[in-house]
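# Examination of the molecular architecture
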Amino acid sequence: MMNEKYAPLFKPFSFKNGVELKNRIVMAPMTNFSSNPDGTVTDEEIRYYERRSGGVGMVITACTNVTANGKGFPGEFAGDTDEMIPSLRRLAEAIKAKGSKAILQIFHGGREVPPELVPNGDVVSASDIPSAEGKPVPRLLTTSEVESIIRDFGEATRRAIEAGYDGVEIHGANGYLIQQFFSPHANRREDEWGGSLEKRMAFPLAVVDSVKKAVAEHADDSFIVGYRFSPEEPETPGITMADTLCLVDALSEKELDYLHVSLMDFWSEPRRGVDDTRPRIEIIQERTGDRVPVIGVGSIYTAEDALKAVQTGVPLIALGRELIIDPDWVQKIEQGKETEIVTKIDKAKQKELVVPDPLWNAIINSPGWFPGVE
Ligand SMILES: Cc1cc2nc3c(=O)[nH]c(=O)nc-3n(C[C@H](O)[C@H](O)[C@H](O)COP(=O)(O)O)c2cc1C
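Since the model is a prediction, treat every value here as computed from it, not as a measurement.

## With respect to the UniProt feature "domain: NADH:flavin oxidoreductase/NADH oxidase N-terminal" (unreviewed entry) in the chain
What UniProt calls "domain: NADH:flavin oxidoreductase/NADH oxidase N-terminal" (unreviewed entry) maps, in this numbering, to residues 9-339. In residues 9-339, helix accounts for 33% and strand for 15%; the two terminal C-alpha atoms are 16 Å from one another.

Encoded structure:
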């Protein structure tokens, strides 16, 4: 039997559109490098998701590219053509059959794509500024290309609807194309898509409108639309907390179903831009108020960690690495076995954990990324 103190994690959650999640725990979007070269999902990948679906209220998938030149990772599954709909559907059905809502994360890698993964090695971005020394110098997108990518986010949303997803998450985080337009580091344009803070918000907001339009045309109100962002960039110039609070205000006007604050540490504090030393997530939660629900994420491993996180008032908590380390995390708490939760990856248990080889190798060969791999 569940320890009563964890009941707040299992209180059902209702979105504004009435859709209900059975609990407050979400699987964070995680790329697994395991799809086929043609962009279709693999059996291994389906089994990996099945193993982690059912306990959590909602699964957000790995990112899927909305255009061919947006592919950011080897073994990423594609959402850029109608031929991919059956593949997208296989994944949605696998997640939903276990009893979790299925959310497709839609994405363009922009200047972060490896040139060998995109047609003609043509790496594109808001401007021709590389993300770091030695990284590819991207080609500045023309205005008609910008408009075309905005439409492509809408098209990927239509495919998600046709494939049976419960919603999409717009990937505006982690330094990829949408964030590149918002970033004063990546975006040095002087047209309608860059310059002032207002103009740097134009692309992210246009993507939201395009996605919402696809939903209005092809789905009903029950289709969920979320938006993920990273609150700050380390570079100067770079996105500050002050910039982000403006974006949060603008996004809050868009009738989104949730905002997802991408952080490696739920409790991390602002770098600059606000005169406030509370954790970023609390500042953002206060700013959104009851306009739009927030998902918090980052280094939540134990039941206690998650409980402490929901006690801030943030309604939904996402788990990434921990659900790879222990796919039974939710069930263990439900059964009163929270002390049996594993919080370090057991290198001998790849098979039991049902992790595809490419993801497993990435984890094992990246010291410091996952607890248990030094
Ligand atoms: C293997 C792996 C792949 C990831 N891929 C994505 C991704 O496709 N999209 C995304 O928005 N974040 C991605 N992330 C970031 C996670 O969603 C999450 O924000 C981060 O890992 C911090 O949460 P955690 O401490 O619970 O793992 C990835 C993280 C990991 C560990």
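## A word on unusual backbone geometry
Note the cis peptide between T236 and P237, where omega equals -5°. Structurally, the position occupied by P237 is in the loop between strand 9 (224-229) and helix 7 (241-252). One non-glycine residue with positive phi stands out, namely E255, at about 50°. Tracing the chain through its elements places E255 in the loop between helix 7 and strand 10 (258-261). By relative accessible area, E255 is classed as exposed at 61%.

## Description of the pairing of strand 9
Of all six residues that make up strand 9, six are buried, and the element is covered over most of its length. Side chains I224, G226 and R228 project from strand 9 onto one buried face, and the interleaved V225, Y227 and F229 project onto a second face that is buried too. Bridge analysis of strand 8 (residues 167-172) against strand 9 gives six bridges, and the strand direction is parallel. Residue G172 lies in a different strand from strand 9, and its bridge partner there is F229. In the sheet, strand 9 pairs with strand 10 via four bridges, with the strands oriented parallel. Paired with R228 across the two strands is H260, which belongs to strand 10. The handedness of the strand 9 to strand 10 crossover, carried by helix 7, is right-handed.

## Focus on the pattern of salt bridges
Throughout the structure, instances matching the rule amount to 25 salt bridges. Residue E232 is joined to R280 by a salt bridge in which the shortest nitrogen-to-oxygen separation is 2.9 Å. Linking E232 in the loop between strand 9 and helix 7 with R280 in helix 8 (residues 280-288), this pair joins segments that are 48 residues apart in sequence. Both residues of the pair, E232 and R280, belong to the buried class. D276 is paired through a salt bridge with R278; the nearest N and O atoms lie 2.8 Å apart. Given the relative accessible area of 22%, D276 is considered partly exposed. Connected via shared salt-bridge partners are D82, E155, R158, R159 and E162.

The rules we used
Residues numbered from 1 in each chain as written. Predicted model: local features only at pLDDT ≥ 70, side-chain atom pairs only at ≥ 80, totals over all residues. Heavy atoms only, no water. UniProt positions renumbered as here; feature names shortened; annotations may be inferred. Helix = DSSP H or I, 4+ residues; strand = E, 2+ residues; numbered from the N terminus. Buried < 20%, exposed > 50% of the residue type's maximum accessible area, 1.4 Å probe, protein only. Pairing = 2+ DSSP bridges. Right-handed = clockwise from strand over helix to strand, strands pointing away. Salt bridge = Lys/Arg side-chain N within 4 Å of Asp/Glu carboxyl O.

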